[in-house]
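Coordinate analysis (summary)
Spelled out, the chains give:
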Amino acid sequence: GDSVTQTEGPVTVSESESLIINCTYSATSIAYPNLFWYVRYPGEGLQLLLKVITAGQKGSSRGFEATYNKETTSFHLQKASVQESDSAVYYCALGTPYQGGRALIFGTGTTVSVSP
Amino acid sequence: NAGVIQTPRHKVTGKGQEATLWCEPISGHSAVFWYRQTIVQGLEFLTYFRNQAPIDDSGMPKERFSAQMPNQSHSTLKIQSTQPQDSAVYLCASSLENSDYTFGSGTRLLVI
């Protein structure tokens, strides 16, 4: 079936350190899946961080990057130097590229805590 | 643009009671989605509507859960005979297409 697996949390990193959250997907019923990272900051709603709809492309936002790798079915989220404000829950998600398709499939979420 | 509005923000019900959760999507968005968020399961898909029509309810527990979208301005999720395991944050999202969701702040349901 279609599914998303991501790094189990919680993950704790120190400010200015690098962060990587692994995400792999299985898209058996979706020929050309779209891939997303959503984030929920403390006290806020879930919001889109970045998305990539074409294999081989990289998405970036707020210093985060993720590359859509079709060969390894991965979409890892990385940031070279995190800040305390990056403390949040991060969700990797898989979607269909066409209207009327399936709703987004989310991973279980990774809680990241950045210590000063 | 007030975003996706979910009410109530918090709801406490006794075991066996009914709970109705409301969602007002962003005006003009054609799709409305319901998800359930728990620590153990993460973000679970429940159901979604497109142009008010139910498209996929494969995530809905077959008993006790039902969802409706009687008009384009709101959707409801009803849980009958609530159980403690129904305790979760219920999230509603809307979108113009099947991507770029805008989520509401959620309804935190506690069944005691």
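Look up: the structure comes first, before these words.
First, a word on what this report is: a plain description of the structure on this page. (Residues numbered from 1 in each chain as written. Chains lettered and ligands numbered in written order. Predicted model: local features only at pLDDT ≥ 70, side-chain atom pairs only at ≥ 80, totals over all residues. Heavy atoms only, no water.)

1. As for the overall build of chain B
The helix and strand inventory of chain B stands at 0 helices and 11 strands. The N-to-C order of helical and strand elements in chain B reads β-β-β-β-β-β-β-β-β-β-β. Relative to the compact-globule value of 13 Å for 112 residues, chain B shows a C-alpha radius of gyration of 13 Å, a close match. Along the first, second and third principal axes, the C-alpha set of chain B runs to 35 × 25 × 25 Å. Expressed as a percentage of its 112 residues, the buried residues of chain B come to 49%. Counting contacts in chain B only where the partners sit at least 6 residues apart, residues at least 24 apart contribute 53% of the total. Element-wise, carbon and sulfur atoms account for 48% of the exposed surface of chain B, whose accessible area totals about 5400 Å². Computing the positive centroid from 9 side-chain charges and the negative centroid from 9, chain B places the two 8 Å apart. (Helix = DSSP H or I, 4+ residues; strand = E, 2+ residues; numbered from the N terminus. Rg over C-alpha atoms; globule rule 2.2 N^0.38 Å. Buried < 20%, exposed > 50% of the residue type's maximum accessible area, 1.4 Å probe, protein only. Contact = heavy atoms within 4.5 Å. Areas by Shrake-Rupley, 256 points an atom, 1.4 Å probe, with all protein chains shown as cover. Lys, Arg positive; Asp, Glu negative; His and termini not counted. Charge placed at Lys NZ, Arg CZ, Asp CG, Glu CD.)

2. Quick look at the interface of chain B and chain A
Facing 18 residues of chain B, the contacting portion of chain A comprises 18 residues. Across the chain B to chain A interface the summed buried area is about 1500 Å²; carbon plus sulfur atoms make up 50%. Taken together, the connections running from chain B to chain A amount to 1 salt bridge. Ionic pairing is found between K51 of chain A and D100 of chain B, a salt bridge with its closest N-O pair at 2.9 Å. The set of elements that each furnish at least two residues to the side of chain B that touches chain A consists of β4 (31-38), β5 (42-50) and β6 (53-56) of chain B. With 5 residues, β5 of chain B is the single largest residue contributor to the side of chain B that touches chain A. Residue composition of the side of chain B that touches chain A, by class: 9 nonpolar, 5 polar and 4 charged. (Buried area = accessible area lost by both parts, 1.4 Å probe. Salt bridge = Lys/Arg side-chain N within 4 Å of Asp/Glu carboxyl O. Nonpolar A, V, L, I, M, F, W, Y, C, P; charged D, E, K, R; others polar.)

3. Things to note about the nonpolar core
Among soluble globular proteins, nonpolar side chains are generally buried collectively. Counting residues in each nonpolar core, the largest one holds 28 residues, and the members touching the most others are L19, W37, L49, L50, F75, L77 and Y90 of chain A. For this core, the element with the highest residue contribution is strand β10 (residues 88-95) of chain A, accounting for 4 residues. Not counting the four nearest positions on each side in its chain, L49 of chain A is found in contact with W37, Y38, V39, S61, R62, F64, L77 and Y90 of chain A. One finds F36 and V89 of chain A together with F33 and V89 of chain B within the second-largest nonpolar core, a separate group that totals 20 residues. (Core = buried A, V, L, I, M, F, W, Y, C linked by side-chain atoms within 4.5 Å.)

4. Overview of a nonpolar patch on the surface
Residue and element names in this part refer to chain B. On the surface, a cluster of nonpolar side chains totalling about 300 Å² of accessible area is made up of V12, L110 and I112. Tracing the sequence through the fold places L110 in strand β11 (residues 107-111). Look at L110 and you get partly exposed, because its relative accessible area is 43%. (Patch = residues over 30% accessible without salt bridge, like charges linked within 9 Å, V, L, I, M, F, W, Y side chains within 5 Å.)

5. Considering the environment of S81 of chain B
Along the chain, S81 of chain B turns up in the loop between β8 (74-79) and β9 (88-95). Discounting chain neighbours no more than four positions away, the residues touching S81 of chain B are G16, Q17, E18 and R64 of chain B.

6. Examining unusual backbone geometry
Look at the link from G9 of chain A to P10 of chain A: it is a cis peptide, with omega at -5°. Mapped onto the fold, P10 of chain A is located in the loop between β1 (3-6) and β2 (11-14). Omega for the bond connecting T7 of chain B with P8 of chain B falls within 30 degrees of zero, at -10°, which places this linkage in the cis form. Take P8 of chain B: it is sitting in the loop between β1 (5-7) and β2 (10-13). The phi dihedral of N51 of chain B falls on the positive side, at around 50°, and the residue is not glycine. Mapped onto the fold, N51 of chain B is located in the loop between β5 and β6.

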